[in-house]
Amino acid sequence: MRTCISNIEAFLNSAEPHPKKKTARTFLYPAIDNLGGIYKEMGNYTQAKELRQYSFRQKKIHFDAASPEIFKSEIFLGEIYNDMNDYARAEPLLKEGLAKATKENGDAFMAGDAAYGLALLFEKTGKKDEAAFYYAKTDSLYSSAYQGEYDNIYLEFIRNASLFYASNQRRKEALVLAFRNYNYVKKKEPSRTLLPFYEALNLSEVYYRSGMYAEAKNRSDEALNEVNTVMHSGTNLADSVRIEIKKPKAILMRAKADYMLQQNRDSIFLKSVLLSLNQAAQILERRNAFLNDPENSGLMMADHEELLNFIKEIEIELFKLTANQKYIDELLSVHESGMYHRIRSRLNNNETVRFAGIPETVHAREASIRKKIADAVKDDQVEAYLAGQKTWDSFLEDTRQLYPAYYNMRFGSIFKPVTELMHKLPANTQVVRYVFAGTKLYALVIDQHGSSLIPLDSREIETAIENVNEPGIPQSELLQTLHKLYTILWKPLEKKLTQKKIIIIPDRILFNLSFESLLAVPTTSFTGFASNSLLSKYTLAYHYSLFLLQSPSADISFKNNYIAFAPVFTDEIKKEYLGQHIDTMYIDNGYLSLLPLPFTLRLVNKTSNLLGGTTFLMNQSTLPAFKQYTGNASILHIGTHAEANNQFPEFSRLIFAKDTKHPLDTNSLFLFDIYNCSLRSALTVLTACETGKPGFKDGEGMISLGHAFNFAGSESILTSLWKIDEQSSTMILEKFYELLENGSPKDEALQQAKLYYLAHTNGRMLAPQYWAGMVLIGDRGPVHLNKKSNWKMIAGGSFVVLVIAGVYFRRKKKEKIT
């Protein structure tokens with residue numbers, strides 16, 4: 001697409017007159033839109049947005065206001081903002097595009113896309129009536145456009161619409177739509193293909209959501225029959241492989257329907273259900289290991305999560321019936337494996353990801369085997385496919401022996417019995433592991449002596465956490481809500497909590513909550529946090545995985561103490577960037593709009609003087625410098641802007657200064673790039689100001705960040721749960737570094753730094769949004785620093801502190817994956 005665009009631009013800029021130059025411009029901006037569409041499919045929404053914004057600006061200059069290209073751009077941009085959960089921008093663009101596309105001589109297909117975007121937007125924001133209106137309008141527009149025919153886009157829309165209606169007590173409308181698809185496919189697709197399976201499975205789910213469990217079971221059986229027919233027909237390997245990935249969803253629907261129909265749910269019945277569910281999970285794990293399918297990966301992960309949630313519910317019921325500890329072990333194994341499944345799926349789908357310490361020959365071999373398997377499926381070569389599977393197994397065994405850390409991270413089992421974890425816990429530490437099983441919430445309290453499973457009331461948690469994170473919430477309401485969350489999430493555990501040092505491992509929306517800000521005693525003023533919050537009573541640290549709790553490396557020697565990167569983004573470095581005479585299309589307007597970070601500059605200079613270290617400031621804080629000079633340090637501080645990607649965490653990024661010698665090169669360190677960095681360190685702290693909207697799936701941001709930095713060599717990270725104020729974070733970090741330099745453990749240093757902040761601050765800056773967001777993840781021990789040195793510019797580093805004060809992991813509205 002870039003070549004195509006360059007060729008059109010060269011033709012337009014040529015000196016010779018040509019009658020087709022006017023026509024060529026009508027191809028240029030749609031080509032740029034298409035390039036944006038490619039980035040959108042990859043999950044790089046930032047680049048997609050930049051390109052489509054540029055195209056829209058140019059269209060308004062060169063085309064008449066009535067041109068269809070104008071409303072197409074409005075719809076394209078609205079869809080991008082919708083994907084980024086920027087609903088305030090998405091809604092007016094989609095509505096304007098829809099209005100123009102439905103006028104005389106409009107475009108029913110584009111109008112349908114705009115209406116569909118609005119239906120999804122209102123569904124995600126909880127406006128059910130508006131969503132229903134636009135689902136109906138989309139159906140009408142697509143019906144007009146398709147003239148009685150259906151394609152995959154239309155069929156998928158109808159499936160999603162029918163599930164929306166079924167979930168909102170509109171059974172009749174749901175069934176009418178579901179049967180419309182089903183009957184069409186039965187008539188048009190008599191041969192053994194995937195489509196009859198999809199529609200039977202959709203009917204099963206519509207019936208289930210409508211409370212018609214017997215019908216749901218019958219349709220799931222029908223779907224499974226379609227699966228087996230296709231898989232054993234031997235006529236189409238590609239369909240057989242793809243449909244096996246869908247088979248677990250059909251197994252799940254049958255199990256759920258069976259469960260609802262069963263009156264006597266004894267242990268024998270529950271074990272039989274669990275057996276079938278585990279078989280379904282094994283199918284997904286096996287396929288995910290060597291087949292990557294970026295187009296359907298999001299849907300696969302959603303299906304997998306739904307399956308694992310039901311498995312967890314059954315495990316808990318069996319534990320309650322039998323009191324057998326093995327069901328708790330299995331529950332935790334399933335829960336942790338779900339997290340790793342999501343991470344591995346994303347890594348598998350990004351073929352450009354490389355991993356530090358792994359030779360290129362290993363990456364090449366892995367990619368080659370994957371391609372051979374995919375080609376065998378595509379070309380319907382059964383023998384080649386089976387040979388590819390055998391080669392893959394051999395590759396896994398070689399990798400397990402030669403690169404065990406890489407194998408365990410990408411492919412291996414991560415299960416460890418709870419009893420094994422107990423023995424590794426320090427005597428003065430307990431773990432609180434929160435686990436959602438469906439809509440139910442449990443807390444597992446673990447110490448050296450045993451574990452306790454405690455059920456919690458989850459009914460009001462989501463609303464309460466949303467209120468806490470809502471900007472502008474009145475002080476009295478905020479304080480009441482924080483006490484209420486304490487009574488729900490912490491008070492039921494306190495009899496089991498005998499230690500002051502606690503490691504919290506959240507789940508889902510709880511990743512968006514600072515437990516330190518919970519109020520054990522009701523208070524009417526922000527000054528009460530200093531004495532009534534959990535911050536004042538416990539030393540809290542966090543983790544994202546129960547099975548990664550471990551002691552720090554025995555090798556505590558690092559070459560350097562401190563390294564800092566702070567682009568600062570002054571007007572001067574922006575002017576220098578603009579002075580490179582870059583093509584207008586490729587100017588990074590987002591970079592030019594970044595706010596300066598003066599407090600960060602002061603902090604890194606002061607810390608460098610305190611600890612001794614190296615700072616990369618202004619236009620020396622580039623991505624190449626970061627990749628070259630980080631690693632083997634106790635402290636790495638990155639004070640920059642960051643951007644969160646709501647659907648694809650791997651495309652979240654840290655923004656460095658533009659390399660003036662190569663202004664078109666990326667200045668973004670994407671999360672997937674971190675795997676190929678050497679960040680061996682005691683701590684990684686990231687203080688960055690987040691420039692995008694929140695929208696990570698609950699916990700995905702923190703989990704993905706922690707996983708990447710752990711693999712890169714960081715024993716712990718200091719990060720932020722939400723966008724944090726630069727000035728207040730600087731005050732906390734200054735004290736934090738002083739305490740670390742004096743030998744305090746990381747968790748105690750952070751606790752005391754926050755208490756110091758509360759004691760020396762007043763007014764609105766006592767509110768939790770200013771201090772509670774920074775959390776420690778991973779190892780909690782002290783940082784061993786070398787004797788102070790006074791290095792200044794461009795040298796090694798010393799203590800890895802990566803503070804992401806802007807990649808904040810607030811909850812996004814529940815989103816339907818389409």
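None of these values were measured; they are calculated from a predicted model.

(A) Focus on the overall build of the chain. Helices and strands together make up the secondary structure of the chain, namely 31 helices and 13 strands. When each of the 818 residues of the chain is scored for burial, the buried share is 58%. Once local pairs closer than 6 in sequence are excluded, the contacts in the chain between residues at least 24 apart make up 76%. As displayed, the chain has an accessible area near 33900 Å², and 51% of this comes from carbon and sulfur atoms.

(B) Broad picture of the environment of leucine 601. Take leucine 601: it is sitting in helix 26 (residues 598–611). Judged by its relative accessible area of 25%, leucine 601 is partly exposed. Contact partners of leucine 601, with chain neighbours within four places excluded, come to Val568 and Leu617.

(C) Local environment of unusual backbone geometry. The backbone of arginine 508 sits at a positive phi, close to 50°, despite the residue not being glycine. Looking at the element boundaries, arginine 508 is found in the loop between strand 4 (501–505) and helix 22 (529–532). Note on arginine 508: relative accessible area 21%, which makes it partly exposed. A positive phi angle, near 60°, is found at phenylalanine 569, a position not held by glycine. Looking at the element boundaries, phenylalanine 569 is found in the loop between strand 6 (560–566) and helix 24 (571–578). The class for phenylalanine 569 is buried, based on a relative accessible area of 0%.

(D) Seen up close, the pattern of salt bridges. If you walk through the whole model with that rule in mind, you get 39 salt bridges. Close ionic contact of glutamate 199 with arginine 159 constitutes a salt bridge, the shortest N to O distance being 2.5 Å. Residue glutamate 199 is located in helix 10 (residues 194–209), and its partner arginine 159 is located in helix 8 (residues 152–167); the two are separated by 40 residues in the primary sequence. For the pair formed by glutamate 199 and arginine 159, the shared burial category is buried. Of the charged contacts, one joins aspartate 258 and lysine 217 as a salt bridge, the two residues approaching to 2.9 Å between their closest N and O atoms. Placement of aspartate 258 in helix 12 (residues 237–261) and of lysine 217 in helix 11 (residues 213–233) is noted, with a sequence separation of 41 residues between them. Residue class for lysine 217 comes out partly exposed when judged on its relative accessible area of 26%. Within this structure, Glu205, Arg209, Lys249, Lys256 and Glu306 form a network of salt bridges that share partners.

(E) Looking closely at a nonpolar patch on the surface. The grouping of Met1, Ile38 and Met42 at the surface amounts to a nonpolar patch, some 250 Å² of accessible area in total. Classification of methionine 42 by relative accessible area gives partly exposed; the value is 42%.

(F) Structural detail: the packing of helix 9 (residues 171–188) against helix 10. Relative orientation of the contacting elements helix 9 and helix 10 amounts to 165°, with a least axis distance of 9 Å. In terms of orientation, helix 9 lies roughly antiparallel with respect to helix 10. As helix 9 packs across helix 10, the resulting crossing turns out to be left-handed. Of the residues in helix 10, those touching helix 9 at Ala174, Leu175, Ala178, Phe179, Asn181, Tyr182 and Val185 are Leu195, Pro196, Glu199, Ala200, Asn202, Leu203, Val206 and Tyr207. Considering only residue class, the contact of helix 9 with helix 10 consists of 12 nonpolar, two polar and one charged.

(G) Looking closely at the side chain of glutamate 74. Examined against the element boundaries, glutamate 74 turns out to sit in helix 4 (residues 68–83). We classify glutamate 74 as buried; its relative accessible area is 7%. Of note is the side chain of glutamate 74, whose polar atom sits 3.0 Å from the side chain of lysine 100. The contacts of glutamate 74, once residues within four sequence positions are left out, are Phe56, Leu93, Leu94, Glu96, Gly97 and Lys100.

(H) The arrangement of the pairing of strand 8 (residues 633–643) in detail. When you tally the buried positions in strand 8, you get 11 out of 11 residues, the bulk of the element. By the bridge criterion, five bridges tie strand 6 to strand 8 in an arrangement that is parallel. Paired with asparagine 560 across the bridge in strand 8 is alanine 633. As judged from the three bridges shared by strand 8 and strand 9 (residues 653–655), these two strands associate in the antiparallel manner.

(I) Just helix 28 (residues 700–712), in detail. The first and last C-alpha atoms of helix 28 sit 18 Å apart over 13 residues, in line with the 18 Å expected at 1.5 Å per residue. Buried residues dominate helix 28, accounting for 12 of its 13 residues. All of the buried residues along helix 28 are Glu700, Gly701, Met702, Ile703, Ser704, Leu705, Gly706, His707, Ala708, Phe709, Phe711 and Ala712. Positive phi appears at glycine 713, one or two residues downstream of helix 28, with a value of about 120°.

(J) Region of the structure containing the environment of phenylalanine 179. Within the secondary structure, phenylalanine 179 sits in helix 9. Looking at phenylalanine 179, the relative accessible area reads 23%, which means it is partly exposed. When the C-alpha atoms of phenylalanine 179 and leucine 203 are compared, they prove to be 7.5 Å apart, with 24 residues separating the residues in sequence.

(K) Seen up close, the nonpolar core. Formed by 122 residues in total, the largest nonpolar core has its most connected members in Tyr434, Leu489, Trp490 and Phe515. Listed in part, the 83 residues of the second largest apolar core include Ala132, Leu177, Leu277 and Ala280.

(L) Representation of the packing of aromatic side chains in the model. Under the defined criterion, the tally for this structure stands at 49 aromatic pairs. Aromatic side chains phenylalanine 133 and tyrosine 134 sit 4.9 Å apart centroid to centroid with 90° between the ring planes, which places their arrangement in the edge-to-face category. The class of tyrosine 134 is buried, set by a relative accessible area of 11%. Between phenylalanine 565 and phenylalanine 616, the ring centres sit 4.6 Å apart and the planes meet at 5°, which makes this aromatic pair stacked. Taken together, the residues span a long stretch of sequence, with phenylalanine 565 in strand 6 and phenylalanine 616 in strand 7 (residues 614–617) at a distance of 51 residues. In terms of burial, phenylalanine 565 and phenylalanine 616 fall into one category: buried. By way of ring pairs, the aromatic residues Phe109, Tyr116, Tyr135, Tyr142, Tyr146, Tyr150, Tyr154, Phe157, Phe164, Tyr165 and Tyr184 are connected into one cluster.

(M) Geometry of the packing of helix 2 (residues 21–42) against helix 4. Put simply, helix 2 and helix 4 touch, their axes get as near as 12 Å, and they point 15° apart. It follows that helix 2 is roughly parallel to helix 4 by the angle criterion. Crossing of helix 2 against helix 4: the hand is left-handed. In this structure, helix 2 contributes Pro30, Asp33 and Lys40 to the contact, and helix 4 contributes Glu69, Ser73, Phe76, Ile80 and Asp83.

(N) Focus on the side chain of serine 204. With respect to the helices and strands, serine 204 occurs in helix 10. With relative accessibility at 0%, the residue serine 204 sits in the buried group. Residues in contact with serine 204, not counting those within four places in the same chain, are Ala216, Arg219, Ser220 and Met253.

(O) View of helix 2. For helix 2, which comprises 22 residues, the first-to-last C-alpha distance of 32 Å matches the rise-based estimate of 32 Å (1.5 Å per residue) to within 8%. Of all the positions in helix 2, only Lys21, Ala24, Leu28, Tyr29, Ala31, Ile32, Asp33, Leu35, Gly36, Gly37, Tyr39 and Lys40 are classed as buried. If you follow the buried residues of helix 2, they end up packed against helix 1 (2–13), helix 3 (45–62) and helix 4. Downstream of helix 2 by one or two residues, glycine 43 has phi in the positive range, about 100°.

(P) Structural detail: the pairing of strand 4. Among the five residues in strand 4, five count as buried, and that is most of the element. Residues Lys501, Ile503 and Ile505 line one face of strand 4 and the alternating positions Ile502 and Ile504 line the opposite face, and both faces are buried. Note that strand 1 (residues 429–437) and strand 4 share five bridges and pair parallel. Residue pairing for strand 4: glutamine 430 is matched across the bridge by isoleucine 502. Inspection of the sheet shows strand 4 paired to strand 5 (residues 539–542) by four bridges, in the parallel sense. Of the residues in strand 5, the one forming a bridge with lysine 501 is threonine 539.

So, how was this worked out
Residue numbers restart at each chain and count upward from 1, following the sequence in its written direction. In view of the model being predicted, local features appear only for residues whose pLDDT reaches at least 70, and side-chain atom pairs are presented and counted only at 80 or more, with totals across whole chains, interfaces and linings using the full set of residues. Note that the side-chain values use all heavy atoms of the structure and ignore hydrogens as well as water. By the criteria applied, helices consist of DSSP H or I runs no shorter than four residues and strands consist of E runs no shorter than two, each listed in order from the N terminus. For each residue, the accessible area found with a 1.4 Å probe, counting protein chains only, is set against the maximum for its type, and the residue is called buried under 20%, exposed over 50%, and partly exposed in between. Contacts: residue pairs with any heavy atoms within 4.5 Å of one another. Residue-level accessible areas treat just the shown protein chains as cover; the underlying method is Shrake-Rupley with a 1.4 Å probe. Whenever a carboxyl oxygen of Asp or Glu lies within 4 Å of a side-chain nitrogen of Lys or Arg, that contact is scored as a salt bridge. Patch membership requires more than 30% relative accessible area and the absence of a salt bridge. Residues of like charge join within 9 Å; the nonpolar side chains Val, Leu, Ile, Met, Phe, Trp and Tyr join within 5 Å. For helices, the fitted axis covers only the stretch in contact; all axes are lines through C-alpha atoms, and the angles between them, taken along N-to-C directions, range from 0 to 180 degrees. Geometric relationships in this document are graded by angle, where less than 35 degrees denotes roughly parallel, more than 145 denotes roughly antiparallel, 65 to 115 denotes roughly perpendicular, and other angles denote oblique. Crossings are sorted by hand: turned counterclockwise from the far helix by less than a right angle, the near helix makes the crossing left-handed, and turned clockwise it makes it right-handed. For this classification, Asp, Glu, Lys and Arg are treated as charged, while Ala, Val, Leu, Ile, Met, Phe, Trp, Tyr, Cys and Pro are nonpolar and the rest, including Gly, are polar. Pairs of N or O atoms are called polar contacts if they sit within 3.5 Å, as long as, within protein, a hydrogen donor faces a hydrogen acceptor (for residues adjacent in sequence, only side-chain-to-side-chain pairs). Paired strands, in this sense, are two strands between which DSSP finds at least two bridges. Take the residue count of a helix, subtract one, and multiply by 1.5 Å to get its expected span. Buried Ala, Val, Leu, Ile, Met, Phe, Trp, Tyr and Cys residues that are joined via side-chain atoms within 4.5 Å together make up what is termed a nonpolar core. Only Phe, Tyr and Trp rings are paired, with Trp represented by its six-membered ring, and only when their centres lie within 6.5 Å; those with planes under 30 degrees apart are stacked, over 60 edge-to-face, the remainder tilted.

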